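Results of the structural survey
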Amino acid sequence: MTHPATPVGEKRGLRMIVCIKQVPKAQELSVDPVTKTLKRVGVPSEINPPDQNALEAALRLRDAHGGEVIVLSMGPTSFEESLERAIAMGADRAYLVTDRALGGSDTVPTAHTLSEAIHKIGGYDLILCGEETTDSSTGHVGPGIAGHLDVPQITYCSAVEVEGDRVRGTRMIEDGAETWECKMPAVVTIDFGCNKPRQPTLTGKIRVKRGGLVTHWSAADLNLDPAKIGLRGSPTIVAKVETVQLPDRKGRIFHEEPAVAVSLLLDVLRKDGVIPP
Amino acid sequence: MSGFAHEGVWVFIEARRGALRDVSVQLIGEARRIADRRRTVLSGVLPGWKVEGLARRAIEYGLDRVYLVENPRLETYLSRPFTKVMATLIRKYHPEIVLFGASKNGRDLGGRLHAVIDTGLAADCVRFDVTDEGYLDMIRPAFGGRSLAHIHCEKHRPQMASARMNVFRLPPRDPSRTGEIIRETVEITDADVDTRVVGFIETPRHDVSKIDDAKILVSGGYGLRDPENFAMLEELAALLGGAVSASRKPVDSGWVPKAVQVGQTGKTVRPDLYIAVGISGAVQHLAGMQESGKIVAINHDPKAAIFEIADYGIVGDLFQVVPELIRQLKASKAPPPVPEIPATTR
């Protein structure tokens, strides 16, 4: 599917749309020592950390070039918390695509739904996404959006700059740093940890309090084809989930004073043959 | 689904700077197994320029057939031209399964392609199987690596997946193996070349591979408190003939480069010995090292999660334990050998 690309306005600055997802806070997750399974109940949420870097990248581009930063998400109404945080951090406004019909989406309907929302927002120069989410780790939605919108993509960027109608991104790939350049509009995905996301400000929080900056859209608002969204529109299913059986380790812990503990440790490691005698 | 009979297993073959990427060769080995299970032909798609030699080499690693798409505009990887090549050939030949290596470029390509041709794509698989119904069972770590999700794509074709790097073993190369090379032409227009590469700074090969190749890893966490304290780990690693890696926090804090990060957002490692120093053992970190041969944890907190998966642990101050390790290892190496007689437990 192809949407007409919108020409870049010279005077109004950059219009950027940052796609974010709300995920369980990674640091708060722990393994139950008895059941050896993940404790997920009551874990607080946060903006997917790479998406925070994408938001920061967009805010810096706005600082440099002017324009606006619009935040977009798809998910339950509880995601509003993250959209409000993004506004408090400096985003101008936000859209939440929320509908029961969207539940169970894999990356195909997710990219499709976000693309339709982006199309409805319109007039964009740059779409920014985090390189991947910490809860699904696919990295497929950003390039999927670029495919749907039929615009260029530059993924895994640790730095992004804009000059005139072109965007330049430095991609951190396995064997080095590769810089790509393309015309806007384009999709860029941002590397986790490449910048330090700013904190929410008091003015930002006041803007959130005043309200009216988060718009909700349903599937009908976007004229989404029910066959192309949610579980029905997802080519993949999770057929089953198996618990990983980790090798049963001896778990011998030395509590002795350092000199003794170290000596005991080196003895067992030599005995196991993992360090030379 | 369309009315075509979908048949054959395909792998995207990634050529980079005149060589086959390891991840592609690893994938050929695994895809060979799947194709044999499905009793079908294993083909590779190799877009590039002047890469016929690599096509032959890929056959020697186990392919039956290579679709070779040569064009100067395909010399280096770019998202749209490569997506066009894959989409065009998939629409022409209707493969049942298409696999990618989960390199950055492999994910970039797969992500765009699956949206364009509207089919499923399972990311970063660590195991594949074929179900009784004949579906590809695409197995990937679910959140935190504590469980494995089996992903199926029943109604859309091709079934597509990417394979995590360095999980599957390199298959042996058989120079006498023969296969078919089919030249394909896919027109790449000016408009298709919508991005250009304007710079490349190579990471020294040593830095790229050092933690992948190391038999012993000494890994530091936030407990080291200061980047300068990593010097102590370097010294320990050098004595053991290993390398230094880190958990996420020291990387986020800019103490050590991202290339040495172990964990869900970093690398998966399987050294013979993994020594975790000042690492509490967040689930995301464990996901990247839990398959190590032996795991040693050094932490002052006896309740730290890292002890849950350690073979051996020392509960103590790492600033005393690590220097002591260095001292005793040096002593055992230094001639004349002074036997270290441990005091009995008091």
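Since the structure is predicted, the reported quantities are computational estimates derived from the model, not experimental observations. (Residues numbered from 1 in each chain as written. Chains lettered and ligands numbered in written order. Predicted model: local features only at pLDDT ≥ 70, side-chain atom pairs only at ≥ 80, totals over all residues.)

**A word on the overall build of chain A**
The condition is simple: Secondary structure elements are defined from DSSP: runs of H or I of at least 4 residues count as helices, runs of E of at least 2 residues count as strands, and each element is numbered from the N terminus. Here a residue counts as buried when 20 or more other C-beta atoms fall within 10 Å of its C-beta, as exposed when 12 or fewer do, and as partly exposed in between; the C-beta atoms come from the backbone.
Helix and strand counts for chain A come out as 6 helices and 15 strands. Expressed as a percentage of its 277 residues, the buried residues of chain A come to 48%.

**As for the overall build of chain B**
Rules: Whether two residues are in contact depends on their C-beta atoms, placed from the backbone: they are in contact if these lie within 7 Å.
Each helix and strand in chain B was counted, giving 9 helices and 18 strands. Buried residues in chain B amount to 54% of all 346 residues. A separation of at least 24 residues holds for 63% of the contacts in chain B among residues at least 6 apart in sequence.

**Thoughts on the sheet that holds strand β14 (residues 237-243) of chain A**
Keep this limit in mind: Only when DSSP finds a minimum of two bridges between them are two strands counted as paired. Here, axes are lines fitted to C-alpha atoms. For helices the fit covers the stretch in contact, and angles between N-to-C directions go from 0 to 180 degrees.
The 4 strands are arranged β14(A)-β10(B)-β9(B)-β8(B) in an open sheet whose pairing can be described as antiparallel. The open sheet is flanked by β14 of chain A together with β8 (127-130) of chain B, the only strands paired with a single partner. In this sheet, neighbouring strand axes are inclined to one another by 30° on average, regardless of whether the strands run parallel or antiparallel. By the bridge criterion, 5 bridges tie strand β9 (residues 136-142) of chain B to strand β10 (residues 147-152) of chain B in an arrangement that is antiparallel. By the bridge assignment for β10 of chain B, Arg140 of chain B is matched with Ala149 of chain B.

**Description of unusual backbone geometry**
In terms of backbone geometry, most residues other than glycine have negative phi values and most peptide bonds are trans. In this chain, Met184 of chain A is followed by Pro185 of chain A through a cis amide linkage whose omega measures 5°. Position of Pro185 of chain A among the secondary structure elements: in the loop between β11 (176-183) and β12 (186-190). The linkage connecting Arg157 of chain B with the following residue, Pro158 of chain B, adopts the cis geometry, with an omega of -5°. Secondary-structure assignment places Pro158 of chain B in the loop between β10 and β11 (159-163). Non-glycine residue Asn223 of chain A carries a positive phi angle of around 50°. By the element assignment, Asn223 of chain A lies in the loop between β13 (214-217) and β14. Owing to 8 C-beta atoms within 10 Å, Asn223 of chain A belongs among the exposed residues under this scheme. Here the phi dihedral of His94 of chain B falls at roughly 50°; this positive angle occurs in a residue that is not glycine.

**Regarding the domain arrangement of chain B**
Inclusion rule: The source of the domain bounds is an automatic or database domain assignment.
Taken domain by domain, chain B consists of domain 1 (9-183) and domain 2 (205-333). Each of domain 1 of chain B and domain 2 of chain B has a C-alpha centre, and the two are 34 Å apart.

**Overview of the sheet that holds strand β7 (residues 93-97) of chain A**
The strand order across the open sheet formed by 10 strands is β13(A)-β7(A)-β6(A)-β1(A)-β8(A)-β12(A)-β9(A)-β10(A)-β11(A)-β13(B), and the pairing between neighbours is mixed. Each of the sheet's edge strands pairs with one partner strand only, and the pair in question is β13 of chain A together with β13 (195-202) of chain B. Taken pair by pair, the neighbouring strands of this sheet meet at an average axis angle of 30°, ignoring direction. Judged from the 4 bridges that link them, β7 of chain A and β13 of chain A form a sheet pairing that is parallel. Following the sheet pairing, Tyr95 of chain A is matched in β13 of chain A by Thr215 of chain A. Along the sheet, helix α2 (residues 80-89) of chain A contacts β6 (67-74), β7 and β13 of chain A; its crossing angle with β7 of chain A, the most-contacted strand, is approximately 165°.

**Some remarks on the nonpolar core**
Quick reminder of the rule: The nonpolar core is taken to be a set of buried Ala, Val, Leu, Ile, Met, Phe, Trp, Tyr and Cys residues joined by way of C-beta atoms within 7 Å.
Ranked by size, the top nonpolar core spans 124 residues in total, and within it Val18, Val71 and Leu128 of chain A together with Leu46 and Ala58 of chain B carry the most contacts. Among the elements that make up this core, the one with the highest residue count is helix α1 (residues 22-37) of chain B (7 residues). Ignoring anything within four residues of it in the chain, the contact list for Val18 of chain A reads Ala54, Leu55, Ala58, Val69, Val71 and Leu128 of chain A. Residues Leu265 and Leu269 of chain A together with Ala304 and Tyr312 of chain B belong to the second largest nonpolar core, which totals 54 residues.

**Some thoughts on the interface of chain B and chain A**
The condition is simple: Gly falls in the polar group here, along with every residue not listed as nonpolar (Ala, Val, Leu, Ile, Met, Phe, Trp, Tyr, Cys, Pro) or charged (Asp, Glu, Lys, Arg).
The interface is formed by 82 residues belonging to chain B together with 75 residues belonging to chain A. With 10 residues, helix α4 (residues 104-117) of chain B is the single largest residue contributor to the side of chain B that touches chain A. Of the residues belonging to the side of chain B that touches chain A, the class tally is 34 nonpolar, 28 polar and 20 charged. Summarising the sheet, β11 of chain A and β13 of chain B pair through 7 bridges and their orientation is antiparallel. Its bridge partner being in β13 of chain B, Trp180 of chain A is matched across the sheet by Val197 of chain B.

**Examining the pairing of β11 of chain A**
Residue and element names in this part refer to chain A. Strand direction decides the pairing type here: strand β10 (residues 166-173) and β11, joined by 8 bridges, are antiparallel. Counterpart to Met172 in the pairing with β11 is Ala177. Hairpin connection of β10 to β11: 2 residues between the antiparallel strands.

**Topic: the confidence of the model for chain A**
The following threshold applies: Note on scores: pLDDT gives the predictor's confidence for each residue, bounded by 0 and 100.
Per-residue confidence for chain A averages 91 on the pLDDT scale, and 90% of its residues sit at or above 70. Here residues 1-10 of chain A is modelled with pLDDT under 50, and outside its nearest four sequence neighbours on either side it reaches 14 contacts, counting other chains as well.

**Considering the packing of α2 of chain A against helix α5 (residues 202-210) of chain A**
All names here are of chain A. Where we set the bar: Relative orientations are named as follows: roughly parallel for angles under 35 degrees, roughly antiparallel for angles over 145 degrees, roughly perpendicular for angles from 65 to 115 degrees, and oblique for any other angle. Crossing handedness follows the turn of the near helix against the far one: under a right angle anticlockwise gives a left-handed crossing, and clockwise gives a right-handed one.
Across the interface, α2 lies against α5 with an axial gap of 7 Å and an inter-helix angle of 135°. As far as their axial angle goes, α5 and α2 are oblique. Considering the relative orientation of α2 and α5, their crossing is right-handed. For the pair α2 and α5, contact is made by Glu84, Ile87, Ala88 and Met89 and by Gly204, Lys205, Arg207 and Val208, respectively.

**Focus: α5 of chain A**
With 0 of its 9 residues buried, α5 of chain A lies for the most part at the surface. Phi turns positive one or two residues past the end of α5 of chain A, at Gly211 of chain A, with a value near 80°.

**Things to note about the environment of Asp125 of chain A**
Residues and elements named next belong to chain A. Residue position: Asp125 is located in the loop between α3 (107-121) and β8 (126-130). With 24 C-beta atoms packed within 10 Å, Asp125 lands in the buried category. Between the C-alpha atoms of Asp125 and Gly13, which are 112 residues apart in sequence, the distance is 9.2 Å.

**Topic: the domain arrangement of chain A**
Annotation of chain A at the domain level lists domain 1 (14-228) and domain 2 (247-277). A separation of 46 Å is found between the C-alpha centroids of domain 1 of chain A and domain 2 of chain A.

**Description of the confidence of the model for chain B**
Reading predicted coordinates in detail is not appropriate for stretches of low pLDDT. Per-chain confidence: chain B averages 91 in pLDDT, with 93% of residues scoring 70 or above. With a pTM of 0.85, the predicted complex shows an ipTM of 0.89.

**Re the environment of Pro204 of chain B**
In this fold, Pro204 of chain B is placed in the loop between β13 and α5 (205-213). Considered as a pair, Pro204 of chain B and Ala55 of chain B are 149 residues apart in the sequence and their alpha carbons are 27 Å apart.

**Quick look at the pairing of strand β1 (residues 9-12) of chain B**
Residues and elements named next belong to chain B. Because side chains alternate across β1, one face comprises the buried residues Val9 and Val11, and the other comprises Trp10 and Phe12, equally buried. As paired elements, β1 and strand β4 (residues 42-48) share 4 bridges and run parallel to each other. The residue bridging Trp10 from the neighbouring strand is Ser43, located in β4. Relative to strand β6 (residues 97-101), β1 runs parallel, the two sharing 3 bridges. The residue bridging Val9 from the neighbouring strand is Ile97, located in β6.

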